[in-house]
Amino acid sequence: MKSNEVITLAKMKQGETGTIVEIAGGHGLTNRLEPMGIREGGKVKKVSGQLMRGPITLMVGSTHTAIGYGMAQKILVEVDGK
Amino acid sequence: MKILLVGNPNVGKSVVFTRLTGVDVIASNYPGTTVGFTEGKLKLDKEFADVVDVPGIYSLEAASKAEEVAVKMLEEGDVIINVIDSTNIERNLNLTLQLVRMGKPMLVILNFWDETHHRGIHIDVEKLEKLLGVPCITACAVSGEGINHIVTRLAEAKVSSFKYNEKERFHEVGNIVSSVQNLEHRHHTLMDRLGELTVMPFTGIPFAVFVMALTFVVIRFIGEGLITRVFDPLFEKIWAPLVMKLSGVLGSTGFIHDILIGKLTDGGIDFVQSFGLITTGLYVPVAMVLPYILSFYLILSVLEDMGYLPRLAVLVDNLMHRLGLHGLAIVPMFLSFGCNVPGIMATRILESRKQRFICVALMCICVPCMSQSAMIISLLGKHGISGLGMVFLTLFIVWTLLGFILKKLIKEETPEIFVEIPSYRLPHMGALIKKLWMRLRWFLKEAIPFVILGVFVMNILYTLGIIDFIGSLMQPVVTGILGLPKEAVMSMLIGFLRKDVAVGMLVPLGLSLKQLIIASVVLTMYFPCIASFVVLFKELGLKDMIKAALLMIFTSLFVGGILNIIL
Ligand SMILES: Nc1nc2c(ncn2[C@@H]2O[C@H](COP(=O)(O)OP(=O)(O)OP(=O)(O)O)[C@@H](O)[C@H]2O)c(=O)[nH]1
Ligand SMILES: [Mg+2]
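What counts and how
- Residues numbered from 1 in each chain as written.
- Chains lettered and ligands numbered in written order.
- Predicted model: local features only at pLDDT ≥ 70, side-chain atom pairs only at ≥ 80, totals over all residues.
- Heavy atoms only, no water.
- Helix = DSSP H or I, 4+ residues; strand = E, 2+ residues; numbered from the N terminus.
- Rg over C-alpha atoms; globule rule 2.2 N^0.38 Å.
- Buried < 20%, exposed > 50% of the residue type's maximum accessible area, 1.4 Å probe, protein only.
- Contact = heavy atoms within 4.5 Å.
- Lys, Arg positive; Asp, Glu negative; His and termini not counted.
- Charge placed at Lys NZ, Arg CZ, Asp CG, Glu CD.
- Domains from an automatic or database assignment.
- Buried area = accessible area lost by both parts, 1.4 Å probe.
- Salt bridge = Lys/Arg side-chain N within 4 Å of Asp/Glu carboxyl O.
- Polar contact = N/O pair within 3.5 Å; in protein donor to acceptor, adjacent residues only side chain to side chain.
- Nonpolar A, V, L, I, M, F, W, Y, C, P; charged D, E, K, R; others polar.
- 1 Å grid on protein atoms, 1.4 Å probe; cavity = no way out; pocket = protein on both sides within 12 Å on 5 of 7 lines; lining within 4 Å.
- Points joined across faces, edges and corners; volume = space filled by probe spheres on them.
- Core = buried A, V, L, I, M, F, W, Y, C linked by side-chain atoms within 4.5 Å.
- Donors = N, O, S within 2.8 Å, 3.2 Å for Na, K, Ca; no water.
- Phe/Tyr/Trp six-rings, centres within 6.5 Å; stacked < 30°, edge-to-face > 60°.
- Lys NZ or Arg CZ within 6 Å of the ring centre and 35° of its normal.
- Patch = residues over 30% accessible without salt bridge, like charges linked within 9 Å, V, L, I, M, F, W, Y side chains within 5 Å.
- Areas by Shrake-Rupley, 256 points an atom, 1.4 Å probe, with all protein chains shown as cover.
- Axes fitted to C-alpha atoms, helices over the stretch in contact; angles between N-to-C directions.
- Left-handed = near helix turned anticlockwise from the far one by under 90°.
- Parallel < 35°, antiparallel > 145°, perpendicular 65-115°, else oblique.
- Pairing = 2+ DSSP bridges.
- Near = heavy atom within 4 Å.

## So, the overall build of chain A
Here comes step 1: When its secondary structure is counted, chain A shows two helices and six strands.
Here comes step 2: Walking chain A from its N terminus toward its C terminus, one meets helices and strands in the order β-β-α-β-β-β-α-β.
Here comes step 3: A compact globule built from 82 residues would reach a C-alpha radius of gyration of about 12 Å, and chain A, at 12 Å, matches this within 12%.
Here comes step 4: Here the C-alpha coordinates of chain A stretch approximately 35 × 25 × 25 Å along the principal axes.
Here comes step 5: With 82 residues in all, chain A has 52% of them scored as buried.
Here comes step 6: Taking contacts inside chain A between residues at least 6 apart in sequence as the whole, the part at least 24 apart equals 61%.
Here comes step 7: The average position of the 11 basic charges and that of the 7 acidic charges among the side chains of chain A differ by 7 Å.

## Some details on the domain arrangement of chain B
Residue and element names in this part refer to chain B.
Here comes step 1: Here chain B is described as being made up of domain 1 (2–186) and domain 2 (201–566).
Here comes step 2: In this structure, domain 1 and domain 2 have C-alpha centres spaced 38 Å apart.
Here comes step 3: With 25 residues of domain 1 in contact, the opposing surface of domain 2 contributes 27 residues.
Here comes step 4: When the two sides are added together, the surface that domain 1 and domain 2 hide from each other amounts to roughly 2,100 Å², 55% of it contributed by carbon and sulfur.

## With respect to the interface of chain B and chain A
A common way to express how large an interface is: the accessible area buried when the components associate.
Here comes step 1: The partner chain A presents 30 residues to the 30 residues of chain B that form the contact.
Here comes step 2: Per-residue buried area on chain B facing chain A is highest for B:Phe170, B:Glu416 and B:Phe418; these three make up 26% of the total on that side.
Here comes step 3: Linking chain B to chain A there are three salt bridges.
Here comes step 4: B:Glu351 is the partner of A:Arg32 in a salt bridge, and the nearest nitrogen-oxygen pair spans 3.4 Å.
Here comes step 5: Where chain B meets chain A, there are 15 residue pairs in polar contact (both at pLDDT 80 or more).
Here comes step 6: Within the residue set of the side of chain B that touches chain A, elements represented by two or more residues are α3 (89–100), α8 (190–197), α9 (201–249), α12 (309–315), α13 (317–321) and β10 (418–421) of chain B.
Here comes step 7: It is β10(B) that provides the largest number of residues to the side of chain B that touches chain A, a total of four residues.
Here comes step 8: Among the residues making up the side of chain B that touches chain A, the classes are represented as 13 nonpolar, seven polar and 10 charged.

## Examining the pattern of salt bridges
All names here are of chain B.
Here comes step 1: Inspection of every chain in the model, using the stated rule, returns 26 salt bridges over all chains.
Here comes step 2: Arginine 425 serves as the salt-bridge partner of glutamate 115, at 3.3 Å between the closest nitrogen and oxygen. A residue pair is termed long-range when its members are at least 10 positions apart, and glutamate 115 in helix α4 (residues 113–118) and arginine 425 in the loop between β10 and α19 (429–464) qualify at 310 residues.
Here comes step 3: Here glutamate 115 falls in the buried class, since its relative accessible area comes to 9%.

## Quick look at empty space enclosed by the protein
If a probe as big as a water molecule is rolled over the atoms, it shows which places are left empty.
Residues and elements named next belong to chain B.
Here comes step 1: In the structure shown here, the tally under the stated rule is one cavity of 30 Å³ or more.
Here comes step 2: As a volume, the largest cavity reaches approximately 320 Å³.
Here comes step 3: When contributions to the lining of the largest cavity are tallied by element, the ones reaching two or more residues are α11 (280–306), α15 (340–346), α17 (370–380), α19, α22 (499–504) and α24 (530–566).
Here comes step 4: The element that contributes the greatest number of residues to the lining of the largest cavity is α19, accounting for four residues.
Here comes step 5: A breakdown of the residues in the lining of the largest cavity according to their chemical character gives 16 nonpolar, six polar and four charged.

## Points about the nonpolar core
Residues and elements named next belong to chain B.
Here comes step 1: Ranked by internal contacts, the top residues of the largest apolar core, which has 118 residues, are Tyr308, Met320, Leu325, Ile330, Met333, Leu362 and Leu536.
Here comes step 2: Broken down by element, the residue count for this core peaks at 14 residues, all from α11.
Here comes step 3: When we break this core down by domain, the ones giving at least three residues each are domain 1 (2–186) and domain 2 (201–566).
Here comes step 4: Sequence-distant contacts of leucine 325, that is, excluding residues within four places in its chain, are made with Met320, Met333, Gln355, Ile358, Cys359, Leu362 and Thr414.
Here comes step 5: In terms of nonpolar packing, the next biggest core, distinct from the first, is built from 32 residues, Leu93, Val100, Met106 and Val108 among them.

## Some details on α17(B)
Here comes step 1: Extensive coverage of α17(B) is indicated by the burial of 10 of its 11 residues.
Here comes step 2: Of all the positions in α17(B), only B:Met370, B:Ser371, B:Gln372, B:Ser373, B:Ala374, B:Met375, B:Ile376, B:Ile377, B:Leu379 and B:Leu380 are classed as buried.

## Quick word on the coordination of the magnesium ion (ligand 2)
Residue and element names in this part refer to chain B.
Here comes step 1: Protein-derived coordination of the magnesium ion (ligand 2) comes from Ser14 (OG) and Thr34 (OG1), at a distance range of 1.9 to 2.0 Å. Within this pair, whereas serine 14 is found in helix α1 (residues 13–21), its partner threonine 34 is found in the loop between α1 and β2 (38–43), the two being separated by 20 residues in sequence. You'll find serine 14 and threonine 34 in the same group, each marked buried.

## Here we look at the packing of aromatic side chains
Residue and element names in this part refer to chain B.
Here comes step 1: By the definition in use, this model includes 11 aromatic pairs over all chains.
Here comes step 2: Consider the rings of phenylalanine 554 and phenylalanine 558, whose centres lie 5.8 Å apart with planes at 15°: the pair is stacked. A residue pair is termed a helical-turn pair when its members lie 3 or 4 positions apart in one helix, as phenylalanine 554 and phenylalanine 558 do in helix α24 at four residues.
Here comes step 3: Each residue in the set Phe235, Phe271 and Tyr283 is aromatic and connected to the rest through ring pairs, giving one cluster.
Here comes step 4: When the ring centre of phenylalanine 48 is taken as reference, the NZ or CZ atom of lysine 43 above it lies at 5.8 Å.
Here comes step 5: Against the face of tyrosine 164 rests arginine 101, its NZ or CZ located 4.7 Å from the ring centre.

## Considering a nonpolar patch on the surface
Here comes step 1: Taken together, B:Leu393, B:Phe396, B:Ile397, B:Leu401, B:Ile405 and B:Leu409 make up a surface patch of nonpolar side chains, about 600 Å² in accessible area.
Here comes step 2: Examined against the element boundaries, B:Phe396 turns out to sit in helix α18 (residues 385–409).

## A closer look at the packing of α17(B) against α18(B)
Residue and element names in this part refer to chain B.
Here comes step 1: At a minimum axis separation of 8 Å, α17 and α18 run at an interaxial angle of 145°. Like other packed secondary-structure pairs, α17 and α18 cross with a definite hand, here right-handed. Contact with α17, carried on its side by Ser373, Ile376, Ile377 and Leu380, involves Gly387, Leu388, Val391 and Phe392 of α18 and no other residues of that element.
Here comes step 2: Along the lines of polarity and charge, the residues of the contact of α17 with α18 split into six nonpolar, two polar and no charged.

## A look at the packing of α11(B) against helix α14 (residues 330–338) of chain B
All names here are of chain B.
Here comes step 1: Put simply, α11 and α14 touch, their axes get as near as 10 Å, and they point 155° apart. It follows from the interaxial angle that α11 and α14 lie roughly antiparallel. In this structure, α11 meets α14 at a crossing whose hand is left-handed. Between α11, through Phe296, Tyr297, Leu300, Leu303 and Glu304, and α14, the contact on the second element is made entirely by Phe334, Leu335, Phe337 and Gly338.
Here comes step 2: Tallied by class, the residues present in the contact of α11 with α14 amount to seven nonpolar, one polar and one charged.

## Digging into the sheet that holds strand β6 (residues 75–79) of chain A
Here comes step 1: Strand order in the open sheet formed by seven strands is β1(A)-β6(A)-β2(A)-β3(A)-β4(A)-β5(A)-β10(B), and the pairing between neighbours is antiparallel. Looking at the sheet topology across the chains shown, the edges are occupied by β1 (6–8) of chain A together with β10 of chain B. On average, each strand axis in the sheet is inclined to that of its neighbour by 40°, with strand direction left out of account.
Here comes step 2: As judged from the four bridges shared by strand β5 (residues 63–67) of chain A and β10(B), these two strands associate in the antiparallel manner. Bridge pairing in β10(B) links A:His64 to B:Ile421.

## What about the site of ligand 1?
All names here are of chain B.
Here comes step 1: Around ligand 1, the surrounding shell holds 24 residues, and the nearest of these are Lys13, Ser14, Gly32, Thr34 and Asp114.
Here comes step 2: In the environment of ligand 1, an oxygen atom lies 2.9 Å from a nitrogen or oxygen atom belonging to the backbone of threonine 33.
Here comes step 3: Only α1 and α4 provide two or more residues apiece to the shell around ligand 1.
Here comes step 4: Looking at which element gives the most residues to the shell around ligand 1, the answer is α1, with three residues.

Put into structure tokens, the structure is as follows:
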């Protein structure tokens, strides 16, 4: 299997799905993200991104969460192939 | 015995609480509705148990003031009722397992059971009960199903036998979920699709503009409709003749007559200008303000229960960051259009002290509550849309500029938005009406006594000549800077009790449109009413409250002065 591109959640396109490979933040960040299901190995779908580095919303399982752009830049996702 | 209702945000704890205790609390479809704790009593066989509605938490580590309240509260409970959302057990059980470690007797309520069916979710409750070793009860809190089981099985609450290694928590949750839950393949529903489209910028922003415009139009339509079709006829055709009879009995004049009924105009009653307790004192809260309160809270409740507010928060996040806030601050702002008191309380969902200060300051200075707005609309509406537009535009500009300045002045990083977005739900009619009724009751209880007190105090001050005295004292400011007649001071004094009465007091002064605009803006900004003031003090503490108060006085004079020059 050929490995797919790894980019930050912030860079993903609306509607793309993928698998989280790394959360490059401190404990504070991972602790907040974890309960929402946002953790390494989890499947995500980027639902929306706003203009001018606005917040990103993402879906993990049936939980839809909005996070800041800065947080989204710390989440690395391996994007599913087409 | 103290029973705590604990769980993730937005899982229905508050509805369960109301069902168990009969104590009404607000429930809405967004995380962070409950920000403090409310206690109620539940009657058991022989004794009463204290039940506490606790703010929702995702984990035992608090991120906001509201969550702090919740985590502190946990220590005090004897029994924990862990409410979970059956449509999302994975996320919810994560907290459940953390609670298990506290070693307290527990019960698990699988709420939203009604929604599992059409979402194709099957949960083996017996198995879950065996695994966790505590009673698991299915429920639909809004309809009341399952609530009786909670009561009958309360005595079975026990310390969970579930043991695990903290590092393996997510793994354990995963294991539990895969062994008790069976998901049918589920199609994307229309609601899901709408849920996504309305947070995407290109579809979401036009939709938000549409929703806001519609909100405005509908509030005004219902409010005016109720006034002209129901309340005005009621007062003019039924109440006025009765009061006139009483007036005759009292001899049409004298101290008692003037306090009760006020001054007659051309031998008749002018409900806005008479200023008696049973004329203006009733007419203002009931016929001028109540209709708008009703229509505002109707629309707000629909938006809340649908789950729209968190989406709006995402869309306005960028704008709010320019004011040192983040998108979620739109929720307290929105609430404060109804009344500043719940607005100030709701700032507890914001994480930092800076945000809370800015948010509270902006809403106290620039957001008129519905009572005041209703009066401004009635007073300025007569002069066409331009006067009204000017007032609200001014408030909006000051809101933006002041936020921008405060953001620069207060050195502290504003955290980014972080919020769960609930799925859209059709509001449950019963729940909606109940919430509306609660808010109306609250308004009537708070408003009418204060309005009547305001009218009474005004009459006394006026009779004693104190008004004239203070008026002359303040004349340089009020006339010099703001360009208002010195009698307007009176209205500002009363504004501390009730802003709606204060605006009403402008009517007999015969102000020009320009003066009306200035007075409306200044009355919104200069100081909060006493009810807000008390909450402000509790929430901000003495030091920040003084800062906020000085800011209000200064801003109102500054803005009022500028309006006086440029208009
Ligand atoms: N369909 C359905 N809706 C429910 C049920 N229980 C609660 N709701 C609705 O879900 C929303 C959230 O309920 P709340 O009681 O405010 O939730 P909460 O857990 O107190 O939330 P926070 O105070 O934010 O932590 C409200 O709009 C309720 O009307 C249920 O069993 N079924
Ligand atoms: Mg609640």
